[in-house]
Every structure is written in C-alpha cells, then in structure tokens.
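Examination of the molecular architecture
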Amino acid sequence: MSAVRLGRLLGTAVDDLRDLGPSHSWRLHRAALADGREVFVKAASDQAGVFAAEAAGLRWLGEAGPGAPVPEVVAADDHMLVLPWLPPGSPSPAAAERLGRELAALHTGNRPGSYGAPWDGYIADLPLDNTLDDRAWPAWYAERRLEPFLRLGARHLSSSDVRLIERVLEDVETLAGPPEPPSRIHGDLWSGNILWTDERALLVDPAAHGGHRETDLAMMALFGTPHLDTILAAYDEAAPLANGWRSRVPLHQLHPLLVHVALFGAPYRASLADAARAALG
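What counts and what doesn't
Residues numbered from 1 in each chain as written. Predicted model: local features only at pLDDT ≥ 70, side-chain atom pairs only at ≥ 80, totals over all residues. Heavy atoms only, no water. Helix = DSSP H or I, 4+ residues; strand = E, 2+ residues; numbered from the N terminus. Rg over C-alpha atoms; globule rule 2.2 N^0.38 Å. Buried < 20%, exposed > 50% of the residue type's maximum accessible area, 1.4 Å probe, protein only. Contact = heavy atoms within 4.5 Å. Areas by Shrake-Rupley, 256 points an atom, 1.4 Å probe, with all protein chains shown as cover. Lys, Arg positive; Asp, Glu negative; His and termini not counted. Charge placed at Lys NZ, Arg CZ, Asp CG, Glu CD. Polar contact = N/O pair within 3.5 Å; in protein donor to acceptor, adjacent residues only side chain to side chain. Pairing = 2+ DSSP bridges. Phe/Tyr/Trp six-rings, centres within 6.5 Å; stacked < 30°, edge-to-face > 60°.

**Examining the overall build of the protein chain**
Along its length, the protein chain carries nine helices and eleven strands. Its C-alpha atoms give the protein chain a radius of gyration of 19 Å, within 12% of the compact-globule value 19 Å for 281 residues. Each principal axis of the C-alpha atoms in the protein chain carries an extent, and together these give about 60 × 40 × 35 Å. With 281 residues in all, the protein chain has 52% of them scored as buried. Considering only contacts in the protein chain between residues 6 or more positions apart, those separated by 24 or more positions represent 66%. Accessible area of the protein chain: about 12100 Å², with a carbon and sulfur share of 50%. Side-chain charges in the protein chain split into 25 positive and 36 negative, and the spacing between the mean points of these groups amounts to 2 Å.

The structure is reproduced here in structure tokens:
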C-alpha cells in the first residue's frame, strides 16, 4: 500500500505510514495524516469483498442506535479499509460493564427483520453465506453456518467427528432453546476483535449479520475475554437472557470452531468434538 493511494482516498496528505505486519491475506498499517488525524488501515490487492463486507457490517451495527460500540468507517475501497486509530488501554471492570450494557443495546435495538444480511459475508477471508431468511434461527444456523463449514473442514475430521456434527444438525431445533428474534450481532466476537481504550471497548473486524444474540456471548467465552463475568452480568441485567442460555454456549461455538478447522486444520478437532458433545448434552 502506498501513502499516495491512501492520501487520494482520504483527500489529505499522509505524513507517516507504518507497516504493522500481516493478518490473514492483508497487511495492517498506522498512518498519521496532514490534517492531524491518525488512522488504522487494512490493505490488500485482492480483498475487495472482504473490505466491503467489513465496512458494511460496521456501518450496519452502528445503526442499532446511539452509543453502539463500533468505530466509524473513515473510508473504504477495493484495496483498503480505513478506521480511526484507537489508542489502546488496559481492560478495566468499568469498561467491561459498559461493554455489557452497550452490547445488550446493540442486540436489542433496531432489530433486523431477518436472519442474514443484505451483503456477501466473510469471516476472516472465508466466504460466509448471508442469504436473508425469515425462517426460525435453528434452520438458518444449520443451513447457513454449520453445514457449509462442515463440508469445508471435513477433510480434517474423522468420520466420528462428522457424525457428531450431523447429530447436532438433526436435533438443532430442540437444542436451540426458546425462539429469539434476529439481533444485529458482530458474528466473530473473540477477544482479539475487542479493542480496549481507557474509557470503553469497541468492536472491530465483524462478520456482522442478523443472528442469535447468544452467538456473540458464546464467542467471547470461546478463547477467553477479560472481565467476561462482568460483561455478562451487565448484559443480563440490561437485556435478560433466556433460561438455560449457558447450556447452549457450545451450540453457538460450533460455527467458529468449524471455521478454525477449515482455516487451521486438525488442531481444532478435539475442541470441536467436545463442543458438539456438550451441545448434545
């Protein structure tokens, strides 16, 4: 990525451009602009769909209402996505409580009418089927999230692993718990996509879509998130969760674990199988 190209996109000169290294199929940068702003840039030569989906997702999440915990999109084109540079801070209980309440507001405010989203989705750099669907969530989740990634990751799985996931697919309507209307969810809310500043936490790099709100909470638990108990307590106070939601965490974790199998192979087999068994009870 060149400073000249970035400057043209933003309409201002770039005083300093620092390469922060690779991530998936793109590179990360920090730039200081002549107008005094600092920005974060993801850049690649062939990731137009990924950047378009991320920009659309952040803007759409922001439409949930004032105070949605997402940064503005400064600019986006076929080769880069530009966000404000967020000065990092340490996770604090106060910021975690605020995140819990803001996430609850995100999920329950200005709900979408369907599961899915009106743009082609991606998670990391893998295509994500966002076909809009008015069916109940279990059927949508099975068809749009579990089945495609089971096919994609099957070469890394044993026949017994595959059968476990198939059993979940067969029983998903029973396992899914009480019906939930669609929520605007981040869709890939592991701890690395939560940026902590001194005052609050903001969510980046979404695989946003209309989905089940328990999915975001389950993803935060999958790889660990600072002050998770505080986040969940504040969330549940602001938007009480349905009975038994903790028992459904493994069901919601199956999709991200299948994504990791597809991306990274056999090291995630055991975690996937454990989650499937736990989902089945």
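**As for the side chain of aspartate 133**
By the element assignment, aspartate 133 lies in the loop between strand S7 (126-128) and helix H4 (137-153). At a separation of 2.7 Å, a polar atom in the side chain of aspartate 133 contacts the side chain of arginine 135. Other than its neighbours up to four places away in sequence, aspartate 133 contacts Ser114, Tyr115, Trp140 and Arg144.

**A closer look at the pairing of strand S5 (residues 80-84)**
For S5, a buried count of four out of five residues is recorded, marking the element as mostly surrounded by other parts of the structure. By the bridge criterion, five bridges tie strand S3 (residues 38-43) to S5 in an arrangement that is antiparallel. Looking across to S5, one finds that valine 41 is bridged to valine 82. In the sheet, strand S4 (residues 75-76) pairs with S5 via two bridges, with the strands oriented antiparallel. Bridge pairing links alanine 75 to valine 82 in S5.

**Quick look at unusual backbone geometry**
A positive phi angle, near 55 degrees, is found at alanine 124, a position not held by glycine. Mapping alanine 124 onto the fold places it in the loop between strand S6 (121-123) and S7. We classify alanine 124 as buried; its relative accessible area is 16%. Phi is positive for aspartate 205, which is not a glycine, with a value near 50 degrees. Along the chain, aspartate 205 turns up in the loop between strand S10 (201-203) and strand S11 (209-211).

**Let's talk about the packing of aromatic side chains**
Under the criterion given, the structure shown has six aromatic pairs. The interplanar angle of 20 degrees and the centroid separation of 4.5 Å between the aromatic rings of tryptophan 137 and tyrosine 141 together place this pair among those described as stacked. Placement of both tryptophan 137 and tyrosine 141 in helix H4 is noted, with a separation of four residues, approximately one turn of the helix. Taken individually, tryptophan 137 and tyrosine 141 each receive the classification buried, so the pair is uniform in this respect.

**Some words on the side chain of aspartate 161**
Along the chain, aspartate 161 turns up in helix H5 (residues 159-175). Every residue in contact with aspartate 161, bar those within four places of it in the chain, is listed here: Arg269 and Ala273.

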